[in-house]
Number of protein chains: 2
Amino acid sequence: MPEVSIDLNMVRVTNDDFVKKAEACAPKLQETVVKPVSIVDVVKTENIYPDVVVKDSIENLSSYHLAKGDKLCLDFGDHQVGYVTLKLASVGSPQDSPAFFRLKFGEIAKEMTEDSADYDGWISRGWIQEEFIHIDVLPAELKLPRRYAFRYLEIEAIDTSLKWQMVVEDVTCVSVSSVNMDQVKPIKSDDEMIRTLDKVSLRTLMNCMQSVFEDGPKRDRRLWLGDLRLQALANYDTFKNYDLVKRCLYLFAGQTRDDGMVSACLFTEPKFIVDDTFLLDYSMFYGAALLDYYKASGDMETLRDLSKCAYRQMELAGKQFDEKDLLICGEGFWAFIDWTDGLDKQAAMQGVYIYCAKKVREIAEILGDTEKAAELAKEEKAKTEAAKKYLLDSEAGLFVSGPDRQINYASQVWMVLAGAVDKEDGAQILEKITDMKPEKGMVSPYMNHHYVEALLLCGKKEQALDYMKYYWGGMISHGADTFWELYNPENPAESPYGSSIVNSYCHAWSCTPTYLLRKYFA
Amino acid sequence: MPEVSIDLNMVRVTNDDFVKKAEACAPKLQETVVKPVSIVDVVKTENIYPDVVVKDSIENLSSYHLAKGDKLCLDFGDHQVGYVTLKLASVGSPQDSPAFFRLKFGEIAKEMTEDSADYDGWISRGWIQEEFIHIDVLPAELKLPRRYAFRYLEIEAIDTSLKWQMVVEDVTCVSVSSVNMDQVKPIKSDDEMIRTLDKVSLRTLMNCMQSVFEDGPKRDRRLWLGDLRLQALANYDTFKNYDLVKRCLYLFAGQTRDDGMVSACLFTEPKFIVDDTFLLDYSMFYGAALLDYYKASGDMETLRDLSKCAYRQMELAGKQFDEKDLLICGEGFWAFIDWTDGLDKQAAMQGVYIYCAKKVREIAEILGDTEKAAELAKEEKAKTEAAKKYLLDSEAGLFVSGPDRQINYASQVWMVLAGAVDKEDGAQILEKITDMKPEKGMVSPYMNHHYVEALLLCGKKEQALDYMKYYWGGMISHGADTFWELYNPENPAESPYGSSIVNSYCHAWSCTPTYLLRKYFA
């Protein structure tokens, strides 16, 4: 169940020049002071999404005298990523014991109804945004040192004493991002849902754009290559922060495994280091992300600098094929594609290879690396033919994957995106798989994005829009201010981590409706 | 059950001149850097006191790689009051989640075996010395902002992740006190128990001597008048920090209730304020403590300044008598005497009144306030006669207390200390009550101190020493480095707070063996 890679013997090779170029692009974060807008009650409902009811005006905050067990829930009006300061005081007799209270931050109201004690997932419970704090002497200004991602903040007086009560006089959040909403014009549309899809996408993207493109500001708060690719696409049509993409591309190339493979993710704190997690689709996407960046920015120097790294990923991936030119699946957590449990990834990964080979060939063509271009063109062709010959089931008219010939969404979507089939055949394949509703569905907004983009590539605009409204709109109907890491309309409690308490509700790979709407519907 | 006073309508009257004089005596705390001496295991035994077994050398601290649920217990070698800094790092793959750990401080090993979740007492659970901490980025130096009282520190990695472990590279405590052990010569004795009683008393006193005489550095960390009186007595024969006593006496007189009554306790943070708790015995002891201070220091100016306050306490107490000159008990938490449940305090309080009237008369005599001296002499006489007439049961040969004529230790002890009976009668009374073992026994070391001092006043030196060895020596046999707030040899789990988890194990009113040994056995 745990999807974890550990390679303590991994040898890292650093390109200092690339790291310096990445550092030169580090953004200065923009700060916005935000105050809570109201005191609310989070009320459980019949489904897992509670209602949020305004309980009192925020002006009355300091009139609440919190005794043992009392709680206050503050609503900050929208999703925030920032640093929180509380002004606390005591009332009653002199404060004859430490103030002991809990702070609980939630990106969505549902988190406020969950008990951290119930968490039994396999990733760290340290991600749960909850602090237990003692303050010996009130009044005090409590400046929390950590950054939180939240809209709701609950303050619970775990204990005061029989003699005094705690008062929250003021709460402030200094929200941070490397961009701000004023930089982007909202999409104009008569359709409110389209406007909301755009707005929520932008907020998601903005709140993930920190010193790097983070996957999620609640969790894991770091740069993943697969997420970067989608964030960057959305960014080019909106915030247009090219330097942040450049920084991230240089970071990935700035430290690799000794065979040149780029890592799936990396850390910049306490110092820059790439992780010992390698996902074959993510490393192939390096070239795709580089080409996207060049096309948006026109930055030829970066394209040239980093092209070798893009080439190398395809060379490494090229070794993963059998004599039939079919991709050989790895072991453990070797490729991502989607979180769908039991998903066979062979065909989808074959599609990703073809997709990326085309992108990297284009880089080679731009740079005049004709030999590399030819080599990749040959690869594309061979892998496409193998896919059609061995993976396209003539009876079903669908791509199958792996020894059990699994039929799933991912295989069809990636073969379409790779151009392994033409637009008409692609449209038929997507219709078939949609009608079939295969057991191996789609869990992550990341996979759902690729499904929608495949529909759009095949000219199915109406269906794509309807699906966006159904899928991302579903999150909005449950109160999303930002789009989530994970959303399965048919299983709202789903989590790849064994418990949804650690799920992230502002997750960059979900931000693509703004990109899809602006690219295909403008 | 809760013994709490609240008087939100209390009017406080401040004497700025006295407050200034108190501030001028504020000590500069002495700092000592202390390191843990070993890594230990705290092993449960058949009784409630666990064994402490050395597990490893402290040199090996950083070789422990703490994964989810792992714990390390450090022994600092002796009781500390101070500020702790930890140097933390991670090992394994890059730190892909926040470090989430618990720090648990214990004055004695027993606290390390207790679970804060089990606490159900009536005073604040905020006193439990336990912190839950997240650190996003390791390595980090964690400088804890709060002061702790402890010998043992347990570090539990609540969660790391599957990819990395936490390492404790170093832990330091900056211990603080307004005095240090080098200022005092230990008692010379061939009897190891006497030397240990002295040493543990001194450590207790030292660790309570902070910016005021605290009752206990774990809990409540503030100045109580009853505790001050005993601490000051021990201090005069040991650390001789007269200024700290002077400071505390000026603080109590520096703010009183509008009728002039001194409070039972006071706070100096965030600013000086006296509490709305009034205990009649404690306020009467103001004069006794003032006289003790004068006798030790020779500071006539302070005696003169504060004499009016001492007189006023006796005037206020004088109103609490009926027409037979018997003390009328108050309601609620009106007097202390001891924590013994169901204790009738009438006779003991009558004794305290006589005791204090004598002390305050002596002040009046020194200052030449002849009228006041005469008035107090008259009071002494009347109250002593009433005690003998109405409270001394001729059949039992013991003092009785209250409407049910309760026979308890406290009544006998205070009548002896007050000199209501002569030395021979006192000796008989103490023998009788000791043989009788009345149901209403003694719980606090504070009460046990007065019992021993009564024995000594009646010439029963051997019995007094044996009792000290039995009572305070009992704590030592259970591993005490400092003497405890509460110790009942017959009920080790006893607590006045509903649970012993919040009991204080370095409590100033327990520090008197050093005083008794130096005064009566030198």
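Along each chain, the written sequence defines residue order, and numbers are assigned to residues from 1. Labels follow written order: the first chain is A, the first ligand is 1, and so on. The model is predicted, so local features are restricted to residues of pLDDT at least 70 and side-chain atom pairs to those at 80 or more, both for listing and for counting; the totals for chains, interfaces and linings are taken over all residues. By convention in this description, side-chain values take in all heavy atoms of the structure and omit both hydrogens and water.

## Section: the overall build of chain A
Where we set the bar: Secondary structure follows DSSP: runs of H or I at least 4 residues long count as helices, runs of E at least 2 residues long count as strands, and numbering of each begins at the N terminus. Restricting the calculation to C-alpha atoms gives the radius of gyration, and the globule rule supplies 2.2 Å times the number of residues raised to the power 0.38. Residue exposure (1.4 Å probe, protein chains only): buried if accessible area is under 20% of the type maximum, exposed if over 50%, otherwise partly exposed. Here the open area of atoms and residues is found with the Shrake-Rupley method and a 1.4 Å probe, where only the protein chains shown may cover a residue.
Secondary structure assignment for chain A yields 14 helices and 15 strands. For 522 residues, the compact-globule formula gives about 24 Å, and the C-alpha radius of gyration of chain A, at 24 Å, lands near that figure. Counting the 522 residues in chain A, one finds 63% classified as buried. Total accessible area on chain A stands at roughly 19700 Å², and carbon and sulfur atoms take up 47% of it.

## Remarks on the state of the cysteines
Residues and elements named next belong to chain B. For clarity, the threshold we go by: Note on terminology: disulfide denotes any pair of cysteine sulfur atoms within 2.5 Å.
Inspection of the entire model under this criterion finds 0 disulfides over all chains. For the unlinked cysteine C309, the closest cysteine sulfur is that of C356, found at 13 Å. Here C506 stays unpaired: no disulfide links it, and the sulfur of C208, its closest cysteine neighbor, is 4.0 Å away. You can call C506 buried: its relative accessible area is 0%.

## Here we look at the packing of helix α4 (residues 225-236) of chain B against helix α6 (residues 280-297) of chain B
Residues and elements named next belong to chain B. Which entries qualify depends on this criterion: Structural elements are reduced to axes, namely lines fitted to C-alpha atoms, with helices fitted over the stretch in contact, and the angle between N-to-C directions of any two is expressed from 0 to 180 degrees. Any angle that is under 35 degrees is reported as roughly parallel, and any over 145 degrees as roughly antiparallel; angles of 65 to 115 degrees are reported as roughly perpendicular and all others as oblique. Crossing handedness is defined as follows: a turn of the near helix away from the far one that is anticlockwise and smaller than a right angle gives a left-handed crossing, while the clockwise case is right-handed. By the convention used here, residues are in contact when the closest approach between their heavy atoms is within 4.5 Å. Each residue gets one of three labels, nonpolar for Ala, Val, Leu, Ile, Met, Phe, Trp, Tyr, Cys and Pro, charged for Asp, Glu, Lys and Arg, and polar for the others, Gly among them.
Closest axis-to-axis distance for the α4/α6 pair is 9 Å, and the angle between their directions is 15°. As summarised for this structure, α4 and α6 are arranged roughly parallel, according to the angle between their axes. For the pair α4 and α6, the sense of crossing is left-handed. Facing L225, G226, D227, R229, L233 and Y236 of α4, the residues of α6 in contact are Y282, S283, F285, Y286, A288, A289, D292, Y293 and A296. Along the lines of polarity and charge, the residues of the contact of α4 with α6 split into 10 nonpolar, 2 polar and 3 charged.

## Brief notes about the interface of chain A and chain B
Operational definition: Throughout, buried area stands for the accessible area (probe radius 1.4 Å) lost by two parts on being put together, summed over both. Just to be clear on terms, a salt bridge is a Lys or Arg side-chain nitrogen sitting within 4 Å of an Asp or Glu carboxyl oxygen. Pairing of N or O atoms within 3.5 Å defines a polar contact, subject to two protein rules: one partner must be a possible hydrogen donor and the other a possible acceptor, and residues neighboring in sequence count only if both atoms are side-chain atoms.
Contact residues are listed per partner, giving 50 residues for chain A and 50 residues for chain B. Carbon and sulfur atoms make up 60% of the area that chain A and chain B hide from each other, which totals about 3400 Å². Counting across the interface, chain A meets chain B through 9 salt bridges. R221 of chain B is paired through a salt bridge with D136 of chain A; the nearest N and O atoms lie 4.0 Å apart. Applying the counting criterion to the chain A and chain B interface returns 18 residue pairs in polar contact (both at pLDDT 80 or more). At the level of elements, β7 (130-135), β8 (140-159) and β13 (273-274) of chain A are the ones that each hand at least two residues to the side of chain A that touches chain B. Taken together, the residues of the side of chain A that touches chain B break down into 21 nonpolar, 12 polar and 17 charged.

## Brief notes about the domain arrangement of chain A
Residues and elements named next belong to chain A. Let me state the cut-off plainly: These domain boundaries are the output of an automatic or database domain assignment.
The domain architecture assigned to chain A consists of domain 1 (30-177) and domain 2 (187-208 + 442-522). Using only C-alpha atoms to locate each centre, domain 1 and domain 2 end up separated by 29 Å. For the pair domain 1 and domain 2, the two sides together bury roughly 1900 Å², of which 57% comes from carbon and sulfur. Looking only at domain 1, the three residues that lose the most surface to domain 2 are Y49, H79 and I108, adding up to 28% of its buried area. Across the salt bridge formed by R151 and D481, the nearest N and O atoms sit 3.0 Å from each other. Looking at the side of domain 1 that touches domain 2, the elements that each hand over two or more residues are β5 (71-92) and α2 (109-112). Counting residues per element, the side of domain 1 that touches domain 2 draws most heavily on β5, which supplies 4 residues. Here the residues of the side of domain 1 that touches domain 2 sort into 9 nonpolar, 5 polar and 9 charged.

## What about the pattern of salt bridges?
Inspection of the entire model under this criterion finds 75 salt bridges over all chains. The shortest N-O distance in the salt bridge between E315 of chain A and R312 of chain A comes to 3.0 Å. Taken together, the positions of E315 of chain A and R312 of chain A, both in helix α7 (residues 300-318) and 3 residues apart, correspond to about one turn of that helix. By relative accessible area, which is 30% here, E315 of chain A ends up partly exposed. R312 of chain A gets classed as partly exposed once you look at its relative accessible area, which sits at 24%. The salt bridge involving R151 of chain B is made with D75 of chain B; its shortest N-O contact spans 2.7 Å. Of the two residues, R151 of chain B is situated in strand β8 (residues 140-159) and D75 of chain B in strand β5 (residues 71-92); the sequence distance between them amounts to 76 residues. For the pair formed by R151 of chain B and D75 of chain B, the shared burial category is buried.

## Focus on the sheet that holds strand β10 (residues 223-224) of chain B
Keep this limit in mind: Pairing between strands is defined by DSSP: at least two bridges between the two strands are required.
One open sheet holds the 3 strands; their spatial order is β10-β12-β13 (chain B), and the pairing between them is antiparallel. Looking along the sheet, the strands with just one partner apiece sit at the ends: β10 and β13 (273-274) of chain B.

## Structural notes on the sheet that holds β13 of chain A
All names here are of chain A. If you trace the 3 strands from one edge of the open sheet to the other, you get β10-β12-β13, paired in antiparallel fashion. Only two strands of the sheet have a single neighbouring strand rather than two, namely β10 (223-224) and β13. As judged from the 2 bridges shared by strand β12 (residues 265-267) and β13, these two strands associate in the antiparallel manner. By the bridge assignment for β13, L266 is matched with V274.

## Quick word on helix α9 (residues 370-391) of chain A
Residues and elements named next belong to chain A. How we decide: To estimate how far a helix should reach, multiply one less than its number of residues by 1.5 Å. Relevant arc is that of directions from the helix axis to the C-beta atoms, nothing else.
In a regular helix each residue adds 1.5 Å, so 22 residues correspond to 32 Å; α9 covers 30 Å between its end C-alpha atoms and thus fits that length. For α9, the full list of buried residues reads K372, A373, L376, E380, K383, T384, A386, A387 and L391. The arc that holds every buried residue of α9, seen down its axis, measures 165°, which confines them to one face. Relative to its buried face, α9 has exposed residues pointing more than 90 degrees away, namely T370, E371, K378, K381 and K389. Residues of α9 that are buried in the fold lie against α7, α8 (346-367), β14 (392-393), β15 (398-399) and α10 (409-417).

## A closer look at the packing of aromatic side chains
The criterion, for reference: Aromatic pairing here means that ring centres of Phe, Tyr or Trp (its six-membered ring) are within 6.5 Å. Orientation follows from the plane angle: under 30 degrees is stacked, over 60 is edge-to-face, and everything else is tilted. The criterion is that NZ of a Lys, or CZ of an Arg, lies within 6 Å of the ring centre and within 35 degrees of the ring normal, and then a charge sits over that ring.
Enumeration over the complete set of coordinates arrives at 57 aromatic pairs over all chains. Pairing Y49 of chain B with W484 of chain B gives two aromatic rings, centres 5.7 Å apart and planes at 35°, and the pair type is tilted. Separated by 435 residues along the polypeptide, Y49 of chain B in the loop between β3 (38-43) and β4 (51-57) and W484 of chain B in the loop between α13 (461-477) and α14 (513-520) bring together distant segments of the chain. As far as burial versus exposure is concerned, Y49 of chain B and W484 of chain B are alike and both buried. Between Y282 of chain B and F336 of chain B the ring centres are 5.9 Å apart and the planes differ by 65°, which places this aromatic pair in the edge-to-face class. Linking Y282 of chain B in helix α6 with F336 of chain B in the loop between α7 (300-318) and α8 (346-367), this pair joins segments that are 54 residues apart in sequence. Of the aromatic side chains, those joined through ring pairs into one cluster are Y49, Y409, Y451, Y467, Y470, Y471, W472, W484, Y487 and Y505 of chain A. If you follow R257 of chain A out to its NZ or CZ, it ends over the ring of F278 of chain A, 4.3 Å from the centre.

## Overview of the UniProt feature "domain: Alpha-L-rhamnosidase six-hairpin glycosidase" (unreviewed entry) in chain A
For clarity, the cut-off: UniProt positions are given in the numbering used here, feature names are shortened, and annotations may be inferred rather than shown by experiment.
Residues annotated by UniProt as "domain: Alpha-L-rhamnosidase six-hairpin glycosidase" (unreviewed entry) correspond here to residues 183-518 of chain A. Structurally, residues 183-518 of chain A comprises 54% helix and 4% strand, and the distance from its first C-alpha atom to its last is 15 Å.

## What about the layout of surface pockets?
Where we set the bar: Only protein atoms enter the 1 Å grid, on which a cavity is a set of points fitting a 1.4 Å probe that cannot get out and a pocket is an open set with protein on both sides within 12 Å along at least 5 of 7 lines, lining residues being those with an atom within 4 Å of a point. Grid points are joined across faces, edges and corners, and a volume is the space filled by probe spheres set on the points.
For the largest pocket, the calculated volume is near 1000 Å³. Taken together, 43 residues make up the lining of the largest pocket; nearest its centre are V137 of chain A together with F267, T268, E269 and P270 of chain B. Those elements that provide at least two residues to the lining of the largest pocket are β5 of chain A together with β8, α5 (242-254) and β12 (265-267) of chain B. Broken down by element, the lining of the largest pocket gets its largest block of residues, 3 residues, from β8 of chain B. By residue class, the composition of the lining of the largest pocket is 20 nonpolar, 8 polar and 15 charged. In this model, the second largest pocket occupies a volume close to 860 Å³. Surrounding the second largest pocket, 37 residues form its lining, T268, E269 and P270 of chain A together with D136 and V137 of chain B being those nearest its centre. Mapped by element, the contributors of at least two residues to the lining of the second largest pocket are β8 and β12 of chain A together with β5 of chain B.

## A look at the relation of the copies chain A and chain B
Short version of the rule: Least-squares fitting of one copy onto the other uses the C-alpha atoms of those residues that reach a pLDDT of at least 70 in both copies.
Here chain A sits on chain B after a turn of 180° about the axis and a move of 0.0 Å along it, with an RMSD of 0.0 Å. The transformation relating the two chain copies, once decomposed into turn and shift, fits a two-fold axis. Scanning chain A for the C-alpha nearest the rotation axis identifies F132 of chain A, at a separation of 3.0 Å.

## Overview of the environment of S495 of chain B
All names here are of chain B. Tracing the backbone through its elements, the reader meets S495 in the loop between α13 and α14. Sequence separation between S495 and V443 is 52 residues; the distance between their C-alpha atoms is 9.1 Å. Once you skip the residues sitting within four places of it in the chain, S495 turns out to touch L486, S500 and N503. In this structure the side chain of S495 is engaged in a polar contact, spanning 2.9 Å, whose partner is the backbone nitrogen of Y497. For S495, the side chain forms a polar contact with the main-chain oxygen of S499, separated by 3.1 Å.

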